[in-house]
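This is what each chain is made of:
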Amino acid sequence: MPRPLRSIELFLALGAASTSIGVLQAGAATAPTGTHQAVSAHLVAQHGGHGGPSAAPAASEGGEGGEGGEGSQEIASSDTAYLAVLGQMRGHLIVAGELMREGNFVQAEKHIGHPVEELYGSLEPELERRRVKPFKEQLTVLLELIQASPGSPDTRKAYQSAVAAIDAAMLGVPEVVRRDPAITAAVVREIVKVAASEYDASIADGAIVETIEYQDSRGFVLYAGELLKASLGPGTRPEASALLVPIQKRLTALAKAWPSLKPPARPVMDAKTVTILASQL
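All of these numbers come straight from a predicted model, not from anything done at the bench.

**Thoughts on the overall build of the protein**
Here's step 1: Check the secondary structure of the protein and you find 12 helices and 2 strands.
Here's step 2: Here the protein holds 281 residues, and 51% of them are scored as buried.
Here's step 3: Looking at the protein alone, contacts between residues at least 24 apart form 75% of all its contacts between residues at least 6 apart.
Here's step 4: About 12,500 Å² of surface is accessible on the protein, with carbon and sulfur atoms providing 56% of the total.

**Details of the environment of Thr236**
Here's step 1: Relative to the elements of secondary structure, Thr236 occurs in the loop between α10 (211-231) and α11 (238-254).
Here's step 2: You can call Thr236 partly exposed: its relative accessible area is 23%.
Here's step 3: Separated by 55 residues in the primary sequence, Thr236 and Pro181 place their C-alpha atoms 9.8 Å from one another.
Here's step 4: If we skip the residues at most four places from it in the chain, Thr236 touches Ser231 and Ser241.
Here's step 5: A polar side-chain atom of Thr236 sits 2.5 Å from the main-chain carbonyl oxygen of Gly233.

**Focus on the pattern of salt bridges**
One side chain can pair with another of opposite charge once the charged atoms of both are near each other.
Here's step 1: Scanning the entire structure with this criterion turns up 8 salt bridges.
Here's step 2: Glu126 serves as the salt-bridge partner of Arg130, at 2.7 Å between the closest nitrogen and oxygen. The same class applies to Arg130 as to Glu126, namely buried.
Here's step 3: Glu239 is the salt-bridge partner of Arg237, the closest N and O atoms lying 2.8 Å from each other.
Here's step 4: Assessed through its relative accessible area of 41%, Arg237 is described here as partly exposed.

**Topic: the packing of α10 against α11**
Packed helices, taken two at a time, are described by the angle their axes make and the gap between the axes.
Here's step 1: Two elements in contact, α10 and α11, have axes whose closest approach is 10 Å; the angle formed by their N-to-C orientations is 150°. Our classification of the angle between α10 and α11 gives roughly antiparallel. At the point where α10 passes α11, the crossing takes the left-handed sense. Residues Val221, Ala224, Gly225, Leu228, Lys229 and Ser231 of α10 form the contact with α11, whose participating residues are Leu244, Ile247, Gln248 and Leu251.
Here's step 2: Within the contact of α10 with α11, the residues separate by chemical class into 6 nonpolar, 3 polar and 1 charged.

**Comments concerning the environment of Glu144**
Here's step 1: Here Glu144 lies in helix α6 (residues 136-148).
Here's step 2: Note: C-alpha distance between Glu144 and Gly113 (31 residues apart in sequence) is 9.4 Å.

**Some words on the side chain of Glu126**
Here's step 1: Structurally, Glu126 can be placed in helix α5 (residues 105-129).
Here's step 2: Within polar-contact distance, the side chain of Glu126 engages the side chain of Arg130 at 2.7 Å.

**A short note on α5**
Each α-helix winds once per 3.6 residues, and so residues spaced three or four apart point in a common direction.
Here's step 1: End to end, α5 covers 35 Å across 25 residues, agreeing with the expected 36 Å (1.5 Å per residue, within 8%).
Here's step 2: Residue Arg131 follows α5 closely and has a positive phi angle near 60°.

**Thoughts on the nonpolar core**
Side chains of a nonpolar character, in soluble globular proteins, are inclined to be buried together.
Here's step 1: By size, the foremost hydrophobic cluster in this structure holds 67 residues, and its most contacted members are Tyr82, Leu86, Phe135 and Tyr199.
Here's step 2: Going through the elements one at a time, α4 (79-102), α5, α6, α7 (153-169), α9 (181-201), α10, α11 and α12 (271-279) are the ones with two or more residues in this core.
Here's step 3: The greatest single-element share of this core, amounting to 12 residues, is contributed by α4.
Here's step 4: Every residue in contact with Phe135, bar those within four places of it in the chain, is listed here: Leu86, Met89, Tyr120, Leu123, Leu127, Ala165, Ile166 and Ala169.

**What about the confidence of the model for the protein?**
Atom-level detail of predicted coordinates should not be read off regions where pLDDT is low.
Here's step 1: Taken residue by residue, the protein gives an average pLDDT of 80. The fraction at 70 or more is 73%.
Here's step 2: Counting interchain partners and residues more than four positions distant, the pLDDT-below-50 stretch residues 1-42 has 57 contacts.
Here's step 3: Under a pLDDT of 50 for its full length, residues 48-76 has, in the predicted model, 78 contacts with residues more than four places off or in other chains.

**Considerations on the packing of aromatic side chains**
Here's step 1: Tallied over the full model, the rule gives 2 aromatic pairs.
Here's step 2: Look at Tyr120 and Phe135: their rings are 5.0 Å apart centre to centre, the planes differ by 85°, and that puts the pair in the edge-to-face class. Of this pair, Tyr120 sits in helix α5 while Phe135 sits in the loop between α5 and α6, and the two are 15 residues apart along the sequence.
Here's step 3: A centroid spacing of 5.1 Å and a plane angle of 65° characterise the contact between Tyr199 and Trp258, whose relative ring orientation is edge-to-face. Of this pair, Tyr199 sits in helix α9 while Trp258 sits in the loop between α11 and α12, and the two are 59 residues apart along the sequence.
Here's step 4: Of the residues examined, Trp258 reaches a relative accessible area of 6% and is grouped as buried.
Here's step 5: The ring of Tyr82 has Arg130 sitting right over it, with the charged end atom 4.3 Å from the ring centre.

Reading the values: rules and limits
Numbering of residues starts from 1 in every chain and runs along the sequence as written. In keeping with the predicted nature of the model, local features appear solely for residues at pLDDT of at least 70, side-chain atom pairs appear and are counted solely at 80 or more, and the whole-chain, interface and lining totals rest on all residues. Side-chain descriptors were evaluated using all non-hydrogen atoms of the structure, hydrogens and water having been removed beforehand. Secondary structure elements follow DSSP: runs of H or I of four or more residues count as helices, runs of E of two or more count as strands, with numbering from the N terminus. For the exposure calls, accessible area comes from a 1.4 Å probe over protein chains only, and a residue counts as buried if that area is under 20% of its type's maximum, exposed if over 50%, partly exposed in between. By definition in these notes, contact holds between two residues if any of their heavy atoms fall within 4.5 Å. Exposure was quantified through the Shrake-Rupley algorithm and a 1.4 Å probe, taking into account, for residues, occlusion by the shown protein chains and nothing else. Any pair of nitrogen or oxygen atoms within 3.5 Å is treated as a polar contact; in protein, a donor-acceptor pairing is required on top of that, and neighbouring residues in sequence qualify only through side-chain atoms on both sides. Salt-bridge detection follows one rule: a side-chain nitrogen of Lys or Arg within 4 Å of a carboxyl oxygen of Asp or Glu. Axis lines are fitted to C-alpha atoms, over the contacting stretch for helices. Their N-to-C directions set the angle, which ranges from 0 to 180 degrees. Here the angle decides the label: under 35 degrees means roughly parallel, over 145 means roughly antiparallel, 65 to 115 means roughly perpendicular, and every other value means oblique. Crossing chirality is assigned from the near helix's rotation relative to the far helix, an anticlockwise turn below a right angle marking it left-handed and a clockwise turn marking it right-handed. Basically, the charged four are Asp, Glu, Lys and Arg, the nonpolar ten are Ala, Val, Leu, Ile, Met, Phe, Trp, Tyr, Cys and Pro, and anything else, Gly included, counts as polar. A helix is expected to reach a length of 1.5 Å times the quantity of its residues less one. Only buried Ala, Val, Leu, Ile, Met, Phe, Trp, Tyr and Cys residues count toward a nonpolar core, and they belong to the same one when joined by side-chain atoms within 4.5 Å. A residue's pLDDT is simply how confident the predictor is in it, with values from 0 to 100. Within 6.5 Å between ring centres, the rings of Phe, Tyr and Trp (the latter by its six-membered ring) count as paired, and their orientation is classed by plane angle as stacked under 30 degrees, edge-to-face over 60, tilted in between. We call a charge positioned above a ring when the Lys NZ or Arg CZ atom is no farther than 6 Å from the ring centre and deviates by at most 35 degrees from the ring normal.

Okay, structure coming up:
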């Protein structure tokens, strides 16, 4: 696995993205390519434990080697990377919520475990730097309850608390930055690129054999769709619509690869096509 980029390297690669919206917008036509590649490399490295060519084989239900991977000790001090990791957490919980509603608590537990066990550690330095209230306790309580009392009202309340805590952590990025359409586009692209990697890891010999990886990628794409929808509400500026609507349309086409929570026996879309479409957002 390639050495994950360290914080300072990512900050330099991202240029002014985390400090000057004006510079980001002015350079949007040329800067994003290198920016997305740098952040994507870091985020995919975080997910390297799930599977893929360099990972050890996992059980068919998705034995996890650790999403933190080699990059678990630090996260770039960039708004895009920070929001993308939080977005991954939300994607995990979206799928967990679907599974809980179906009564599939065994698989739900796996997805609930990912944010606290494999992603949270990389965010801790950033939470302190951004003066964000730690939320590991909410994630841990949810994980313990899904293990001990999966169908109880307390577990459902803990689920909502964990979702709210992740959303609150996003306030560590100034509102003017979070609402910037260029930042939204960048975050969506990074989350979906990780989704494409997870989808690829779920397939072997033309069949979906890793259910958890398939569901992970589904959750990431669903969250990316929610983020775009929220950014394209009433009152959206024309320039924001011009940037985000085409991405939303391409994401809708890509989302057809995940027709249901339970993976189809054969992929609806091959991994190469998913990767290509993800790169075109």
